[in-house]
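Structural overview for review
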Amino acid sequence: MNIGKKYKATRLQTVDFCKHLHIEDYAVQVVQFASPPKWHLAHTTWFFETFILIPYSNNYIPFNANFNFLFNSYYNNVGDRILQTNRGNMSRPTTGEIYEYRAYVDAIMLELLTDVADKEIIDLVILGLNHEQQHQELLITDVKYMLGAQCFIPGF
């Protein structure tokens with residue numbers, strides 16, 4: 001499978017995991033060690049933007065300069081970040097904006113990957129896809145934990 005197809009398939013898998021969520025589910029963080037679904041969606045996008053598009057795509061314009069602070073995780077060399085325990089306190093950006101962010105980054109990434117031959121870029125994309133897959137696992141775990149917490153509410 002070529003790198004562009006692998007990129008698209010991996011990114012679509014994350015969105016597919018979220019298709020059964022309600023809009024209210026995207027921002028919930030029931031415990032400090034979990035992250036809301038919209039944070040996972042944005043953080044994995046931030047990775048591609050920060051480590052591939054900004055350094056390797058000519059004239060790339062970041063989707064939103066504030067996203068570096070909001071969706072950085074533990075990459076201290078990239079800048080400050082929101083505390084993990086506060087990820088569930090963000091009503092903004094909206095889930096719709098996060099999906100717009102993903103579409104924006106994905107379109108430029110797929111364009112970049114149409115004829116990429118640079119081994120360094122390919123290796124970074126593979127690292128980013130492995131990172132995305134790690135977050136797919138975390139996303140599923142966090143959503144199961146979140147939905148499991150709902151069982152304490154009668155009727156849900």
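Structure: see above.
Quick caveat: nothing in here was measured; it's all calculated off a predicted structure.

So, about the packing of helix 1 (residues 3-18) against helix 4 (residues 95-113). Between helix 1 and helix 4, the least distance of the axes is 9 Å, while the angle of their chain directions is 165°. Comparing the axis directions of helix 1 and helix 4 gives the class roughly antiparallel. Between helix 1 and helix 4 the crossing geometry is left-handed. For the pair helix 1 and helix 4, contact is made by Ile3, Gly4, Tyr7, Lys8, Arg11, Thr14, Val15 and Cys18 and by Tyr99, Arg102, Val105, Asp106, Met109, Leu110 and Leu113, respectively.

Mapped onto the elements, Ser57 comes out in the loop between helix 2 (37-56) and helix 3 (67-71). Apart from residues no more than four positions distant in its own chain, Ser57 is found in contact with Ile52 and Ile108.

On to the environment of Glu24, then. Inspection of the secondary structure assignment puts Glu24 in the loop between helix 1 and helix 2. Given a relative accessible area of 58%, Glu24 falls into the exposed group. Sequence separation between Glu24 and Thr95 is 71 residues; the distance between their C-alpha atoms is 9.3 Å.

The next thing to look at is helix 5 (residues 119-149). A rise of 1.5 Å per residue sets the reference length of helix 5, with its 31 residues, at 45 Å; its end C-alpha atoms lie 45 Å apart and thus fit the reference within 8%. Along helix 5, the positions that sit buried rather than exposed are Ile121, Val125, Gly128, Leu129, His131, Glu132, His135, Gln136, Leu139, Asp142, Val143 and Met146. Those residues of helix 5 hidden inside the fold are in contact with helix 1, helix 2 and helix 4. For helix 5, the N-terminal capping position is held by Asp118, with its side-chain oxygen 2.8 Å away from the main-chain nitrogen of Glu120.

Analysis parameters
Residues numbered from 1 in each chain as written. Predicted model: local features only at pLDDT ≥ 70, side-chain atom pairs only at ≥ 80, totals over all residues. Heavy atoms only, no water. Axes fitted to C-alpha atoms, helices over the stretch in contact; angles between N-to-C directions. Helix = DSSP H or I, 4+ residues; strand = E, 2+ residues; numbered from the N terminus. Parallel < 35°, antiparallel > 145°, perpendicular 65-115°, else oblique. Left-handed = near helix turned anticlockwise from the far one by under 90°. Contact = heavy atoms within 4.5 Å. Buried < 20%, exposed > 50% of the residue type's maximum accessible area, 1.4 Å probe, protein only. Expected span 1.5 Å × (residues − 1). Polar contact = N/O pair within 3.5 Å; in protein donor to acceptor, adjacent residues only side chain to side chain.

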